[in-house]
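Structural description and commentary
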Amino acid sequence: MRKLSLALAAAFALGLAGAAQAQPYPTRPITLVVPFAAGGPTDTLARIIGERMRQSLGQTIVIENTTGAAGSIGVGRVVRAPADGYTVGIGHWSTHVVNGAIYPLTYDLLKDLDPVALLPANPQLIVTGPKVPAKDLKELIAWMKENQDKISGGTAGVGSASHIGGIYFQQKTGTKYPFVPYRGTGPAIQDLVAGQIDIMVDQSSNSLPHVQNGKLKAFAVTAAKRIPSAPEIPTVDEAGLPGFYISVWHGLWVPHGTPPDAIARLTGAAQEAMADPAVQKRLADLGQEIPPREAQTPEGLHKHHVAEIEKWWPIIKAAGIKAE
Ligand code: ASP
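Conventions adopted
- Residues numbered from 1 in each chain as written.
- Predicted model: local features only at pLDDT ≥ 70, side-chain atom pairs only at ≥ 80, totals over all residues.
- Heavy atoms only, no water.
- Buried < 20%, exposed > 50% of the residue type's maximum accessible area, 1.4 Å probe, protein only.
- Helix = DSSP H or I, 4+ residues; strand = E, 2+ residues; numbered from the N terminus.
- Pairing = 2+ DSSP bridges.
- Near = heavy atom within 4 Å.
- Polar contact = N/O pair within 3.5 Å; in protein donor to acceptor, adjacent residues only side chain to side chain.
- Areas by Shrake-Rupley, 256 points an atom, 1.4 Å probe, with all protein chains shown as cover.
- Nonpolar A, V, L, I, M, F, W, Y, C, P; charged D, E, K, R; others polar.
- Phe/Tyr/Trp six-rings, centres within 6.5 Å; stacked < 30°, edge-to-face > 60°.
- Lys NZ or Arg CZ within 6 Å of the ring centre and 35° of its normal.
- 1 Å grid on protein atoms, 1.4 Å probe; cavity = no way out; pocket = protein on both sides within 12 Å on 5 of 7 lines; lining within 4 Å.
- Points joined across faces, edges and corners; volume = space filled by probe spheres on them.

Some remarks on the pairing of strand E4 (residues 113-128)
- In terms of burial, E4 is largely enclosed, as 16 of its 16 residues are buried.
- Of the pairings in the sheet, the one linking E4 to strand E7 (residues 199-203) comprises five bridges and is antiparallel in character. Counterpart to leucine 125 in the pairing with E7 is aspartate 202.
- For E4 and strand E8 (residues 217-221), the ladder comprises four bridges, and the chain directions are antiparallel. Looking at E8, one finds that leucine 125 is bridged to valine 221.

A word on the site of the ligand
- Taken together, the neighbourhood of the ligand is formed by Phe36, Pro41, Thr42, His92, Ser94, Ala156, Ser160, Ala161, Ser162, Gly184, Thr185 and Gln203.
- One nitrogen or oxygen atom from the side chain of histidine 92 is found 2.7 Å from a nitrogen atom belonging to the ligand.
- Here an oxygen atom of the ligand sits 3.3 Å away from a polar atom, N or O, in the main chain of alanine 161.
- Taking 270 Å² as the accessible area of the ligand by itself, protein coverage stands at 99%.
- Residue assignment for the shell around the ligand shows that the elements contributing at least two residues are helix H2 (41-57) and helix H6 (161-173).
- Residue composition of the shell around the ligand, grouped by class: four nonpolar, eight polar and no charged.

A few points about the packing of aromatic side chains
- Overall, the coordinates contain five aromatic pairs when judged by the stated rule.
- An angle of 70° between the planes, with centres 5.0 Å apart, marks the rings of tryptophan 93 and tryptophan 312 as edge-to-face. Of the two residues, tryptophan 93 is situated in helix H4 (residues 93-102) and tryptophan 312 in helix H12 (residues 298-319); the sequence distance between them amounts to 219 residues.
- Taking the relative accessible area as the measure of exposure, tryptophan 93 reaches 0% and is therefore buried.
- For tryptophan 312, a relative accessible area of 9% corresponds to the buried category.
- For the pair tyrosine 177 and phenylalanine 179, a centre-to-centre distance of 5.3 Å together with 70° between the ring planes defines the contact as edge-to-face.
- The residue whose ring lies beneath arginine 28 is tyrosine 86, and the NZ or CZ to ring-centre distance is 3.8 Å.

With respect to empty space enclosed by the protein
- By the definition in use, this model includes three cavities of 30 Å³ or more.
- The computed volume of the largest cavity comes to approximately 100 Å³.
- Listed by contribution, the elements that provide at least two residues to the lining of the largest cavity are H2, H6, helix H7 (185-194) and E7.
- Grouping the constituent residues of the lining of the largest cavity by class yields four nonpolar, nine polar and one charged.
- Its boundaries defined by the atoms lining it, the second largest cavity holds a volume of some 50 Å³.
- Lining the second largest cavity are Val33, Pro35, Gly74, Val75, Val78, Gly89, Ile90, His96, Leu113 and Trp253.
- When residues of the lining of the second largest cavity are traced back to their parent elements, those giving at least two are helix H3 (72-80) and strand E3 (87-92).
- With three residues, H3 is the largest single contributor of residues to the lining of the second largest cavity.

Written out as structure tokens, the structure is:
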């Protein structure tokens with residue numbers, strides 16, 4: 001009798017373990033690592049998409065801001081996390097392309113991460129505080145040259161999108177000013193509004209709300225097309241810096257070796273988020289453009305990632321930008 005009940009207990013325990021294993025992913029909260037400060041553009045996108053993904057996945061998405069070294073520390077945190085589907089990283093053009101050309105990374109951006117989904121892209125805006133007297137880009141450049149030793153620009157660290165945009169701007173305009181690094185352009189934009197720094201080449205999703213409430217002035221958008229929700233801002237071509245295009249595209253990645261069914265669930269949830277009209281409206285208001293649905297896949301992200309590395313590494317290396 002005792003033997004039988006022990007056998008029954010063992011069978012019951014095994015059954016329970018089996019049932020637990022059969023529970024579909026995800027069974028607990030998922031951590032989404034944002035490699036920049038809270039309140040900045042990457043954080044905002046992570047919160048908009050993550051909140052909608054929660055509805056599809058039925059589990060909370062906890063945002064974790066692991067900042068520093070232009071996002072390379074946060075990306076390293078994802079690379080080293082267990083490959084179980086419970087740690088996901090959001091990144092963008094500079095964290096997953098530019099950083100590979102300028103930082104001595106301890107990980108391989110293509111081999112140590114598995115792609116999940118290509119996310120929206122936004123251009124940058126050339127923005128200043130409201131007190132800068134210039135009315136257009138030509139006047140701004142002239143004003144900057146006259147005030148060269150008094151002005152400074154904000155960035156999210158060496159190699160961040162805002163830093164590359166700033167260097168590109170200086171090269172194209174012949175201006176020169178020091179860069180002040182922050183843990184993200186969220187805190188940097190606060191200092192721009194407050195007048196502590198003078199200029200930024202910043203993602204539209206970060207600065208546009210401040211431009212629209214009169215706290216910042218925008219002189220041009222780094223794209224061939226104007227932003228539909230801010231048609232008053234000229235393109236760089238129209239404003240006098242032809243071809244100064246930067247598109248900060250985003251993606252979701254997981255540690256290499258994450259189970260394919262978990263990746264498929266995450267991809268599906270990201271696609272559902274980008275198909276939701278409420279999400280689409282919030283993103284459009286920030287100047288974010290959603291990629292076509294067929295490109296939102298792991299394959300779509302991988303293809304784009306490889307093409308961008310091939311395009312940008314020679315440019316960044318030739319420009320001699322180094323991590324300090
Ligand atoms: N994406 C960064 C942030 O969220 C900024 C940057 O790359 O310039 O702060």
